[in-house]
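Residue-level listing of the chains:
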Amino acid sequence: MTGTEPRRLTWNELDAEATALADRLLALGLHRGDVLGVQIPNTIELVEVYVAAWMIGVVVSPLPMQYREREIVGMATQAEFKAFVTVPQFGARSPLGDIQAARAQMPSVEALIAYGPHAEVMTDVPEGILHIAPTPATAEQRSRVDEQVAADPNDPNDCLTICWTSGTESEPKGVPRCHYDWLAISWATVEVPAVTADDVLLNPFPMVNMAGINGMFLPWLRTGCVLVQHHPFDLPTFLGQIATERVTYTVAPPALLWMLLHNEELLAKVDLSSLTRIGSGSVPLQPTMVRGWQEKFGIGVINFFGSNEGIGLLSSPEDFPDPSDRAQYFPRYGTPGVTWSSRVSEWVGVRLVDLDTGEDITENGRSGGCASAVRRSSRATCTARSGPAPSTSRATSRPVTCSRSPVTRASTCTTSTGPRTW
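Residues numbered from 1 in each chain as written. Predicted model: local features only at pLDDT ≥ 70, side-chain atom pairs only at ≥ 80, totals over all residues. Heavy atoms only, no water.

This part is about the environment of L218. One can find L218 in helix α7 (residues 210-223). On the accessibility criterion, L218 (7% relative accessible area) is buried. Through-space distance from the C-alpha of L218 to that of S186 is 6.6 Å; in sequence the pair is 32 residues apart. Sequence-distant contacts of L218, defined by excluding residues within four places in its chain, comprise W54, W182, S186 and I213. (Helix = DSSP H or I, 4+ residues; strand = E, 2+ residues; numbered from the N terminus. Buried < 20%, exposed > 50% of the residue type's maximum accessible area, 1.4 Å probe, protein only. Contact = heavy atoms within 4.5 Å.)

Rendered as structure tokens:
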């Protein structure tokens, strides 16, 4: 898709190339707190841009590959991109050309970068564009980066990313997160799938939002396992990567898992024996699909829900051994007296309340997110509700309000029965 061959790097090789890129970014005048717009598909080069920028405190604002001039100009204006990095080719189009054509509408952008092993592709480099090819850092480059980091170190409360909502009102909105934010929410995506250095992760989700970053990128970065990138989604390639790379953990949309479960002819041709667990989400899971994967393949599908605006919920086989419960409910961790491996469990749903009317807020017939509530009313609140998981209807529930300390993993929750910490 980018006109180059796939690459494979060790951790040392990745470190060397990311350090060299960090030095080039410093030479362009980017420093801690500056915002770097990024539009690169799931490749090694995208990983290197993240790592290099974070080394020197530069904020990464990733954009989906399908975004064109209108969206990019709006985001660059809102976040005041100081530089923009992309690829010359993505399928039949040129993202680099798109950005170059719109550059006059983005006055904050001081540098436009084409990053990747594209030298043989870029036969006609437009004026004013810097091409940076991945190369190992020299001793001088490493020394300059080390000196910069020592002189101006990152703070855990510094902004790390500005990700963008899908734009339910036609205008995507930026969501900033700091180091502490990502660390706090990544505990779940590391611990629930039990990711270790021995795992091989296959990432089919673009690394621009919660699914790609928190679901795959951060678990890989925190555990030191193997990350296999995939983009754009192509089923034969995806299944081939699972077999060839001996993938142990991946995430996939419910529709794909449902289709695979009922395609005996296709499954007979592929090797999924290395897979030990799968995550899924973005839309409600079908209980029959979750049960089918557990009974047919012995794989307990982990139910994830996450949004760029902040909330993250999950339900694992340890939380709900019954796949039908796991597809429909999320546990309320920390409830006194509840053993999650037992059949006694609690559910958590999200209720959006308009404080002016007291009515629930829904969007397109389903629960929206906190951001949706705020956009619809200046006085709205997001309330978590908990209680026993009934078989036919949900019992009357208690409102819960939560706050998190930015320094620890502990959260304090106030309910009708008093504060609780987990």
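Text resumes after the structure shown.
The strand order across the open sheet formed by six strands is β9-β8-β10-β11-β12-β13, and the pairing between neighbours is mixed. Of all the strands in the sheet, the pair left with one neighbour each is β9 (226-229) and β13 (312-315). Averaged over all pairs of adjacent strands, the angle between strand axes in this sheet comes to 20 degrees, irrespective of strand direction. The pairing of strand β10 (residues 249-251) with strand β11 (residues 277-281) spans three bridges and is classified as parallel. Bridged to V251 within β11 is G279. (Pairing = 2+ DSSP bridges. Axes fitted to C-alpha atoms, helices over the stretch in contact; angles between N-to-C directions.)

Looking now at the pairing of strand β3 (residues 83-86). Of the two faces of β3, the one lined by A83 and V85 and the one lined by F84 and T86 are each fully buried. In terms of strand pairing, strand β1 (residues 35-39) meets β3 through four bridges, oriented parallel. Residue pairing for β3: Q39 is matched across the bridge by T86. In this region the chain leaves β3, passes through helix α4 (residues 95-102) and returns to the parallel neighbour strand β4 (residues 111-115); the handedness of that crossover is right-handed. (Right-handed = clockwise from strand over helix to strand, strands pointing away.)

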